[in-house]
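The chain contents come next:
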Amino acid sequence: MIEIKDLYVDLKGFSLCNINLLIKKGDFFILLGPTGAGKSVLIEAIAGLIPVKSGRVLIQGVDVTRLPPEKRGISIVYQDYALFPHLSVLENVRYGLSFQRISKAEKERRTEWIIDQLDLRGLLNRYPETLSGGERQRVAIARALVVKPSVLFLDEPLSALDVNLREEVRSELKRLHEITDTTFLMVTHDLRDALYLGNRGAIINHGQIVQQGNIDEIFKNPSNSFVARLIGMKNIFPARFNGDFAYLEDIELELEICPPNSKGYIAISPEDVVIHMDRPKRGIKNVLKGTISGIIDQRYYHELEINVKGVIFTAIITKKGLFEPVFNKERKEIHISINPSKIHTLFS
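Here is a short report on the structure shown in this document. Quick caveat: nothing in here was measured; it's all calculated off a predicted structure. (Residues numbered from 1 in each chain as written. Predicted model: local features only at pLDDT ≥ 70, side-chain atom pairs only at ≥ 80, totals over all residues. Heavy atoms only, no water.)

**Regarding the sheet that holds strand E11 (residues 235-242)**
Part 1: Within the open sheet, the 5 strands sit side by side as E13-E12-E11-E14-E20. Their pairing is antiparallel. The two strands at the open ends of the sheet, each matched to only one other strand, are strand E13 (251-254) and strand E20 (344-346). Recorded for the sheet is a direction-independent mean angle of 40° between the axes of neighbouring strands.
Part 2: Bridge analysis of E11 against strand E12 (residues 245-248) gives 3 bridges, and the strand direction is antiparallel. Among the inter-strand pairings, Phe241 is bridged to a residue of E12, identified as Ala246. (Pairing = 2+ DSSP bridges. Helix = DSSP H or I, 4+ residues; strand = E, 2+ residues; numbered from the N terminus. Axes fitted to C-alpha atoms, helices over the stretch in contact; angles between N-to-C directions.)

Given below as C-alpha cells:
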C-alpha cells in the first residue's frame, strides 16, 4: 500500500535517515516515538508537504515521490484540527469535495453519509470557535474521510482531548477504520492508543526507524533497550550472562533461553513481576525477597517499587489490591517472582 525506500529528508537541524517502511492496505498503522523523534516530519514527507532529498515513496505501487500533495490520495488530521474558522461545519466537511471531479449527487451522498457516521447533524450551521474539542475533532475527521482517501494520516489526534473524551474518540476511530476502505496511519506517543488501535506499527527515534512489525510482537519482543523503555517495560537492567542465567550484581535470574553474548540488558514488564505476600511454594522460579520502597498512583492502578538488594523492580497492583494489609506501609517485606519466559534479553 505505502512503501518507503531509503528515504532521506534534510531539514535545518534535523534529518530522517535511511527510512524503509511498509504499510499494508487496510492497516491501522501506528508510528510511535518520543517527542522530537521525527514522527510528524515523516508523515509530512510521505504526504508531499516536506521535500525529499533522496529515496522513494510508493502508494499503491505508484511512485509519488515528486507528485504534489493533492495527487497522492492522502488526507491528514492534525492535532490542532486546522478547521477553517470562517466556514460553517457543513462547509468545512464539504471543502475537499470541491476539488474532486465527481457528480453533485455523489458529493451529496458522501456528505450525508459522513455526517451521519460522525453524528454531526446538529452542528452543521455552527462555526469552529463554538465547538468543543471533541466536536472539532469529529468535524476534522469527517472533512478528511469525505474525499475517500486511500490513506488517512492522523497526527497526534487525541493528545488535546481530556481522558474521557479521548477514550470516546479512540473507539470512534476504531469503528471508522472497520467500516471504510481507508488505510490509517497514526502518529502517537501514547501506548494505549497503539495497543487499542494498531495492528502494525513502527518505532522511530532520532529520525530513524528502530523496529517495525505487528504491534503485539513489538510490545512482546522489543529489539533494544530504547524500545523496551518506550513501550513501558520499566524494569531494564544491565546484566551479565552465564549459560541460561542473568546476573544483576548479587541477583541471579534464570532465563528461558541461553543468550548469545556475555553482557547486555534484561527487560521485564511491570505486569510480569508477580507479587506474593508470603514466600511462594517450591516450583516457582526466580523468587526474590524485597521491601516496598515506593507506591505510585497511576489512576487506574498503582505501581509498586520493590527494593531487592539495591535493585528497584517495578510491579503493578490494582486499586483494590493496595488495601491488603501488606501494602499499607512502605518498606514492608514481600516476595516477587518472575517467570523466565517473561525476561527479555537485549544487546543495545
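Let's pick the thread back up.
**Things to note about the packing of helix H4 (residues 133-145) against helix H5 (residues 163-179)**
Part 1: The contact between H4 and H5 brings their axes to 11 Å, and the two run at 15°. Of the possible angle classes, the one that applies to H4 and H5 is roughly parallel. Considering only the axes of H4 and H5, their crossing is right-handed. Contact residues: H4 offers Gly133, Gly134, Gln137, Ile141 and Leu145, while H5 offers Leu165, Val169, Leu173 and Leu176.
Part 2: Tallied by class, residues from the contact of H4 with H5 come to 6 nonpolar, 3 polar and no charged. (Parallel < 35°, antiparallel > 145°, perpendicular 65-115°, else oblique. Left-handed = near helix turned anticlockwise from the far one by under 90°. Contact = heavy atoms within 4.5 Å. Nonpolar A, V, L, I, M, F, W, Y, C, P; charged D, E, K, R; others polar.)

**Thoughts on the pattern of salt bridges**
Part 1: If you walk through the whole model with that rule in mind, you get 17 salt bridges.
Part 2: Taking the shortest distance from any N to any O, the salt bridge between Glu106 and Arg110 comes out at 3.0 Å. Residue Glu106 and its partner Arg110 are both found in helix H3 (residues 104-117); the two are separated by 4 residues, about one turn of the helix.
Part 3: Between Asp190 and Arg166 there is a salt bridge; the shortest N-O distance is 3.4 Å. Linking Asp190 in the loop between strand E8 (183-188) and helix H6 (191-197) with Arg166 in helix H5, this pair joins segments that are 24 residues apart in sequence.
Part 4: Looking at Asp190, the relative accessible area reads 10%, which means it is buried. (Salt bridge = Lys/Arg side-chain N within 4 Å of Asp/Glu carboxyl O. Buried < 20%, exposed > 50% of the residue type's maximum accessible area, 1.4 Å probe, protein only.)

**A short note on the environment of Thr35**
Part 1: Within the fold, Thr35 resides in the loop between strand E3 (28-32) and helix H1 (39-47).
Part 2: Using a relative accessible area of 77% as the deciding quantity, one classes Thr35 as exposed.
Part 3: When the C-alpha atoms of Thr35 and His189 are compared, they prove to be 7.5 Å apart, with 154 residues separating the residues in sequence.

**Section: the nonpolar core**
Part 1: In terms of nonpolar packing, the biggest core is built from 48 residues, with Ile30, Leu120, Leu154, Leu173, Phe184 and Met186 touching the most fellow members.
Part 2: Examining the composition of this core, we find that 6 residues originate from one element, H4, more than from any other.
Part 3: Beyond its immediate sequence surroundings of up to four residues, Met186 is in contact with Phe28, Phe29, Ile30, Leu31, Leu154, Pro157, Leu158, Leu173, Asp193 and Leu197.
Part 4: Core analysis: the second largest hydrophobic core is formed by 31 residues, Leu21, Ile23, Phe29 and Leu42 among them. (Core = buried A, V, L, I, M, F, W, Y, C linked by side-chain atoms within 4.5 Å.)

**Comments concerning the environment of Ile19**
Part 1: Relative to the helices and strands, Ile19 is located in strand E2 (residues 14-23).
Part 2: For Ile19, a relative accessible area of 0% gives the class buried.
Part 3: If we skip the residues at most four places from it in the chain, Ile19 touches Ile4, Lys5, Asp6, Leu7, Leu42, Gly207, Gln208 and Ile209.

**Topic: the side chain of Arg200**
Part 1: Mapping Arg200 onto the fold places it in strand E9 (residues 200-205).
Part 2: What makes Arg200 buried here is its relative accessible area of 10%.
Part 3: Here the side chain of Arg200 touches Leu22 through a polar contact of 3.0 Å, landing on its backbone oxygen.
Part 4: Reaching out from Arg200, the side chain makes a polar contact with the side chain of Asp27 at a distance of 2.9 Å.
Part 5: Arg200 has contacts with Leu22, Ile23, Lys24, Asp27, Phe28, Phe29, Ile30, Gly213, Asn214 and Ile215, leaving out every residue within four places of it along the chain. (Polar contact = N/O pair within 3.5 Å; in protein donor to acceptor, adjacent residues only side chain to side chain.)

**Regarding H5**
Part 1: Between its first and last C-alpha atoms H5 spans 25 Å; for 17 residues at 1.5 Å apiece the expected length is 24 Å, and the two agree.
Part 2: Looking at H5, one finds that the buried residues are Arg166, Val169, Arg170, Leu173, Leu176 and His177. One face of H5 carries all of its buried residues, which in axial projection span an arc of 130°. Facing away from the buried surface of H5 by more than 90 degrees, the exposed residues are Asn164, Glu168 and Glu178.
Part 3: Close packing links the buried residues of H5 with E3, H3, H4, strand E7 (151-155), E8 and H6.
Part 4: N-capping of H5 is provided by Asp162, with a side-chain oxygen placed 2.8 Å from the backbone N of Leu165. (Expected span 1.5 Å × (residues − 1). Arc of directions from axis to C-beta.)

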